[in-house]
Amino acid sequence: MPKQKTYYVCSECGSESPQWFGKCPACGTYNSLEEQIAIQSSTDIPSRGISGWHQQAGNTKPTAKPAKPRASLTFDQISDRQVTRWASGYEELDRVLGGGVVPGSMVLIGGDPGIGKSTLLLQVSSELAQRYRILYVSGEESGQQVKLRASRLGVSKSLSLVSGGNDNISGNSETTKETTLEVTKPSEETRDADLYVLPETDLEEILKEMDSLRPNVAIIDSIQTVFFPALTSAPGSVAQVRECTAALMKVAKHEDITMLIVGHVTKEGAIAGPKVLEHLVDTVLYFEGDRFASHRLLRTVKNRFGATHEIGIFEMVDTGLREVPNPSELFLGNRDDPAPGTALVVACEGTRPIVVELQALVSPTSYPSPRRAGTGIDYNRLVQILAVLEKRVGIPMSKLDSYVASAGGLSVEEPAVDLGIAISIVASFRDRIVDPRTVLIGEVGLGGQVRSVSQMELRLKEAAKLGFKRAIVPKGQKYPNYDIEIVPVSKVIDAIIAAIPQQGLTEADLAPDDDDEESI
């Protein structure tokens, strides 16, 4: 018997190495290389045909055989097929998917444990089961546990347990073909839902069930629990995740089955397994949220059928996840009772504008080096803005502790919120109140200038819709009329004076008082 060949695969980045190392040569992670047994292929490469092709290619004499394709097609030969998106029943999910569920697509959803991935997919499967045949494969829970969770969510009447074979499968097994050219809406007709639950982790049994049931949508919860018996590695290993995902993708594309796959994440927040897992699928979604808050963010990282960096916002309640139709109200504070050191900005997540309140606190430091802390904003940009305020405006930030946070825990890291961060810091330093009816939009440059940002029309339209009266924006652009006063500025000092008009702030007021210098 020939000796089995082994190789080592990094569990973090998926790189392969012929020998074991304590540190991965590719990503630098320690103790991440795992031993894998190489699978001997049953088919050999036709070396004779390849060598013959090379000999013909190197021959300068023209060949009598004309060049023609074997299986490749030109764009004209490929039939035009209008893609019909299915409405999932949740507009927030349809937004991040690019307008709805694409038939035959493969969607990967990752998130921290307990964030609500299984809850979201169970609610979505209940909505889709009113029109399509759904197979919910549970590798982490038994059928009774899934039904108990479904009864809490109010979707238990849609479930049908599949224990193996075809005994518990009812209904027509023919696949449904869509011919309309618009997004299909949920039907108002009441009928028995086609939602089947399969508690199974064996990939071969799952594929047999798909071949027998012929579902329109299959949900795998989760891919790290599914294993291929032909591989000797444990479930969740790099080889198992890669091979199982590749097999499911082949079935999804060949049989036109939509796959929704749940993926575990590492302690760093990345999806566990090889990076090739994210390359194989069509869409990658991350389910995020603070464990101390009730709202959840569904963020698009990769999408072959729509825009990336879109977000959908949900709220976790006792009956499951509920959509948040107006997220700006969620991240806005009380505008009737404004506090010093707050400013309002309009951030864009993909194509969605959201008004967010920024809060800043500045106080004299008690340490040789002042403390800087940022929650929901980019720390490097915070440090850069503090340096600009000290150099260009004259505020002694090197002697002050600075804390900046976004309300609601939303992460706003784009450059368009720089101006809001700077204004909130200055307002906290001078203990002044920024006009609560004013929004700030702009990027702060190292020279103290206010630079233009993208998607200004969306931002201004959202601010006008929420009742804001003024918008401090970069100078040099033409802005549409959205019934909101436009205040163009070219420097940070101009924006500071315009943002606090009721106190009559001037450049001389920005200099620290004698009492402040003595306390510092």
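In the block above lies the structure referred to throughout.
These numbers come from a predicted model, not from an experiment.

## Let's talk about the overall build of the protein chain
- What the protein chain contains, in helices and strands, is 13 helices and 22 strands.
- Residues classed as buried in the protein chain amount to 45% of the 520 residues present.
- Restricting to contacts in the protein chain with at least 6 residues of sequence separation, those with at least 24 account for 68%.

## Some points on the pattern of salt bridges
- Per the counting criterion, the structure on display carries 17 salt bridges.
- For Asp435, the salt bridge is made with Arg437, and the minimal N-O distance between the two is 3.6 Å.
- By relative accessible area, which is 10% here, Asp435 ends up buried.
- If you follow the salt bridges from partner to partner, you end up with Asp435, Arg437, Arg470 and Glu485 in one network.

## Some details on the packing of aromatic side chains
- A complete count under the given rule lists three aromatic pairs for this structure.
- Aromatic side chains Trp86 and Tyr132 sit 4.2 Å apart centroid to centroid with 20° between the ring planes, which places their arrangement in the stacked category. Taken together, the residues Trp86 in the loop between α1 (47-58) and α2 (91-96) and Tyr132 in the loop between α3 (117-128) and β5 (133-138) connect sequence positions 46 residues apart.
- Between the aromatic rings of Phe287 and Phe314, the centroid separation amounts to 6.3 Å while the plane-to-plane angle is 75°, which identifies the pairing as edge-to-face. In this pair, Phe287 is assigned in strand β10 (residues 283-288) and Phe314 in strand β12 (residues 311-317), connecting sequence segments 27 residues apart. Assigned by exposure class, Phe287 and Phe314 land together as buried.

## Here's the deal with the side chain of Glu92
- By the secondary structure assignment, Glu92 is in helix α2.
- Owing to a relative accessible area of 6%, Glu92 belongs among the buried residues under this scheme.
- Among residues more than four places away in sequence, those in contact with Glu92 are Ile311, Gly312, Ile313, Phe314, Glu323, Val324 and Arg352.

## Side note on the sheet that holds strand β16 (residues 372-375)
- Ordered in space as β16-β17-β15-β14-β18-β21-β22, the seven strands form an open sheet in which the pairing is mixed. With partners counted over all chains shown, the strands left at the sheet margins are β16 and β22 (485-489), one partner each. Across the sheet, the mean angle from the axis of one strand to that of its neighbour is 30°, orientation sign disregarded.
- Where strand β14 (residues 342-349) and strand β15 (residues 352-364) come together, eight bridges link them in antiparallel fashion. Note on β15: the bridge partner recorded for Glu349 is Arg352.
- Sheet strands in contact with helix α10 (residues 418-430) are β14, β15, β17 (400-406), β18 (438-440) and β21 (470-474), and its direction is about 35° off that of β15.
- Against the sheet, helix α12 (residues 492-499) touches β18, β21 and β22, its axis set at about 175° to β21.

## Comments concerning a nonpolar patch on the surface
- On the surface, a nonpolar cluster with roughly 380 Å² of combined accessible area is contributed by Leu73, Phe75 and Ile78.
- Residue placement: Phe75 occurs in the loop between α1 and α2.
- By relative accessible area, which is 76% here, Phe75 ends up exposed.

## Focus: the environment of Glu204
- If you trace the backbone, Glu204 turns up in helix α5 (residues 203-213).
- Glu204 sits 23 residues away from Phe227 along the chain, and the two C-alpha atoms are 8.8 Å apart.
- Contacts of Glu204, omitting those with residues within four sequence positions, involve Phe228 and Pro229.

What counts, and where the lines are drawn
- Residues numbered from 1 in each chain as written.
- Predicted model: local features only at pLDDT ≥ 70, side-chain atom pairs only at ≥ 80, totals over all residues.
- Heavy atoms only, no water.
- Helix = DSSP H or I, 4+ residues; strand = E, 2+ residues; numbered from the N terminus.
- Buried < 20%, exposed > 50% of the residue type's maximum accessible area, 1.4 Å probe, protein only.
- Contact = heavy atoms within 4.5 Å.
- Salt bridge = Lys/Arg side-chain N within 4 Å of Asp/Glu carboxyl O.
- Phe/Tyr/Trp six-rings, centres within 6.5 Å; stacked < 30°, edge-to-face > 60°.
- Pairing = 2+ DSSP bridges.
- Axes fitted to C-alpha atoms, helices over the stretch in contact; angles between N-to-C directions.
- Patch = residues over 30% accessible without salt bridge, like charges linked within 9 Å, V, L, I, M, F, W, Y side chains within 5 Å.
- Areas by Shrake-Rupley, 256 points an atom, 1.4 Å probe, with all protein chains shown as cover.

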